[in-house]
Amino acid sequence: MPRGARRRQLLQAALEVFAEQGYHAAAMDEIADRAGVSKPVLYQHFPGKLELYLALLDTSCDTIIDSSRRALASTEDNKERVAATMSAFYDYVAAAEGAFRLVFESDLTNEPAVRERVDRVTRECAALTAEVIREDTGLPDEPAHLLAVSLVGMAQVSARYWLAQGSKLSRDDAVALVSGLAWRGIRGYPRNDEH
């Protein structure tokens, strides 16, 4: 199997094991078994469990950041932008593979390399959102950034809560509800062209 394809196979197996068991309970033996390879093959690609976890975490973080970037760029209508961005977070946490658990519910956040990656999601998603808020409202950097962090936090926490509670609300209904709340707040900061 080509190296890139083997790496993807190993990352998928690791995702399944880490999402099911968490970092501490996951074993390299089980990851190798799940991937259908020997442990030496796994160690050829990843020197240890932490390096495997960090590679997987990088991929997972990139996924939600890229989804947020696409959502923000998908329209010039800010009400639709809010809904698209909320939807990106709900899609991410509802995805069957459970990658969100690595980012938002890691049992290894005391490890500096993990903490940095987890914080990167909030930092980069907020930076993308703050840029839109700044451009549209003319607010200075600090207030625009605080609003952006608040919106990102609302998306992350509400999506995780919705999933964890096994809510009877459909994903679409939950997104509409939280987007409506976020929009009612952020629309109080009108676009420059509406002044």
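What you are looking at is a predicted structure, and each value in this text was computed from that prediction instead of being measured.

Some points on the pattern of salt bridges
Taken as a whole and judged by the stated rule, the model has 15 salt bridges. One salt bridge connects Asp-58 with Arg-117, and the closest N-O pair in it is separated by 2.7 Å. Here Arg-117 lies in helix 7 (residues 112-137) and Asp-58 lies in helix 4 (residues 49-73), a separation of 59 residues in the sequence. Taking the relative accessible area as the measure of exposure, Arg-117 reaches 17% and is therefore buried. Among the ionic pairs, Asp-66 bridges to Arg-69, the shortest N-O distance being 2.8 Å. A residue pair is termed a helical-turn pair when its members lie 3 or 4 positions apart in one helix, as Asp-66 and Arg-69 do in helix 4 at three residues. Asp-66 sits in the partly exposed class, given a relative accessible area of 33%.

Digging into the packing of helix 5 (residues 78-94) against helix 9 (residues 171-186)
Remark: helix 5 packs on helix 9, axes separated minimally by 9 Å, with the N-to-C direction vectors making an angle of 135°. With respect to helix 9, the element helix 5 is oriented oblique. Once helix 5 is placed against helix 9, the crossing between them reads as right-handed. Between helix 5, through Asn-78, Lys-79, Val-82, Ala-83, Met-86, Ser-87, Tyr-90 and Asp-91, and helix 9, the contact on the second element is made entirely by Arg-171, Ala-174, Val-175, Val-178, Ser-179, Ala-182, Trp-183 and Ile-186. A breakdown of the residues in the contact of helix 5 with helix 9 according to their chemical character gives 10 nonpolar, three polar and three charged.

Observations concerning the UniProt feature "DNA-binding region" (unreviewed entry) in the protein
Summarizing the sequence annotation, UniProt attributes the feature "DNA-binding region" (unreviewed entry) to residues 27-46 in the numbering used throughout. As annotated, residues 27-46 has a helix share of 75% and a strand share of 0%, and its two end C-alpha atoms lie 13 Å apart.

Analysis parameters
Residues numbered from 1 in each chain as written. Predicted model: local features only at pLDDT ≥ 70, side-chain atom pairs only at ≥ 80, totals over all residues. Heavy atoms only, no water. Salt bridge = Lys/Arg side-chain N within 4 Å of Asp/Glu carboxyl O. Helix = DSSP H or I, 4+ residues; strand = E, 2+ residues; numbered from the N terminus. Buried < 20%, exposed > 50% of the residue type's maximum accessible area, 1.4 Å probe, protein only. Axes fitted to C-alpha atoms, helices over the stretch in contact; angles between N-to-C directions. Parallel < 35°, antiparallel > 145°, perpendicular 65-115°, else oblique. Left-handed = near helix turned anticlockwise from the far one by under 90°. Contact = heavy atoms within 4.5 Å. Nonpolar A, V, L, I, M, F, W, Y, C, P; charged D, E, K, R; others polar. UniProt positions renumbered as here; feature names shortened; annotations may be inferred.

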